[in-house]
Amino acid sequence: PNLSLDLRLTDDQENLIEGGIDVAIRMGTLSDSSLMHRKLCRLRRLVVAAPDLVARCGEPKVVDDLAGMPCIAWDGSREHLNRWRFAEDGKTKTFTASSRFRSNQGMSLFKMCLAGLGVMRVAEHLARPAIREGRLVQLLPDHGPADDTAFHAVFLPDRHLVPRIRTFVDFVADAFRAPDWEED
């Protein structure tokens, strides 16, 4: 669409009113029910590690095996991402990742994972290309994630009828319709 964009990249959840933001793209479970939203696509997080780390530490066979591996962890407002939910023996099992290094910046954590410094639970859109390229290995693939969420476009309730916002949200929804990272 013929629009102007002001792109802000952050792992923090910005206030739309204070930030003068028309539309935000958010990953995960939405916490603020006062906002309007449109689901763009599914978001899964995969537990991955660099092949050399797996060679050094061994490949985990069950969730409890992760306790013997170095992990990469979030801090601050993203600490909830350190609780990794799996399906094991028909039940949900949670592993809490701890680490000697923590950060609130996702790409720095992802780069540490790629460098073989620890196991990480990472969004599928980052993990799948790295897995295809052989830079990462998915761990416990038969213990699928038990907490699928989504990408959403969020906006203020009184703004959904504004033509530029509706046009942009429709455009983004179309772009996310069949993400190239998803597997069937």
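A brief report on the enclosed structure follows. (Residues numbered from 1 in each chain as written. Predicted model: local features only at pLDDT ≥ 70, side-chain atom pairs only at ≥ 80, totals over all residues. Heavy atoms only, no water.)

A word on the nonpolar core. One broad trend across soluble globular proteins is that nonpolar side chains are buried collectively. Core analysis: the largest hydrophobic core is formed by 15 residues, its most contacted members being V47, L66, W84, F86, F95, V119 and L139. At the level of elements, β3 (45–49), α2 (51–57) and β5 (83–88) are the ones that each hand at least two residues to this core. (Core = buried A, V, L, I, M, F, W, Y, C linked by side-chain atoms within 4.5 Å. Buried < 20%, exposed > 50% of the residue type's maximum accessible area, 1.4 Å probe, protein only. Helix = DSSP H or I, 4+ residues; strand = E, 2+ residues; numbered from the N terminus.)

In space, the 3 strands of this open sheet follow the order β8-β3-β9, with antiparallel pairing throughout. The strands lining the two open edges of the sheet, one partner per strand, are β8 (120–123) and β9 (137–138). Sheet topology note: the β3/β8 ladder contains 4 bridges and is antiparallel. Each bridged residue has a counterpart across the sheet, and for V48 the counterpart in β8 is M120. Along the sheet face, helix α3 (residues 106–114) touches β3 and β8 and points at about 125 degrees away from the line of β8. (Pairing = 2+ DSSP bridges. Contact = heavy atoms within 4.5 Å. Axes fitted to C-alpha atoms, helices over the stretch in contact; angles between N-to-C directions.)

Our next topic: the pairing of strand β10 (residues 149–155). Within β10, 7 of the 7 residues are buried, which leaves it mostly tucked inside the rest of the structure. For strand β1 (residues 24–27) and β10, the ladder comprises 4 bridges, and the chain directions are antiparallel. Residue pairing across strands places R26 opposite H152, the latter belonging to β10. Pairing of strand β2 (residues 36–43) with β10, which is carried by 7 bridges, proceeds in the antiparallel orientation.

Taking strand neighbours across the sheet as the criterion, the 3 strands line up as β1-β10-β2 in an open arrangement whose pairing is antiparallel. At either end of the open sheet lies a strand with only one pairing partner, and these are β1 and β2. Each strand of the sheet is rotated relative to its neighbour by a mean of 25 degrees, with strand direction disregarded. On the sheet, helix α5 (residues 163–175) packs against β1, β2 and β10 and is oriented at approximately 10 degrees with respect to β2.

Considering all chains together, one arrives at 10 salt bridges under this definition. Here R38 ties to D170 by a salt bridge, and the two come within 2.6 Å at their closest N and O atoms. With R38 in strand β2 and D170 in helix α5, the pair connects residues that are 132 residues apart, well separated along the chain. Exposure remark for R38: the relative accessible area of 32% places this residue in the partly exposed category. The class of D170 is partly exposed, set by a relative accessible area of 38%. Residue R128 pairs with E124 through a salt bridge whose shortest N-O separation is 3.1 Å. Highlighted residues: R128 and E124, both in helix α4 (residues 124–132), separated by 4 residues, approximately one helical turn. As far as the burial class goes, R128 and E124 line up, both buried. Put simply, R44, E124 and R128 are held in one network by salt bridges that share partners. (Salt bridge = Lys/Arg side-chain N within 4 Å of Asp/Glu carboxyl O.)

Remember, this is a structural readout, not a statement about activity or role.
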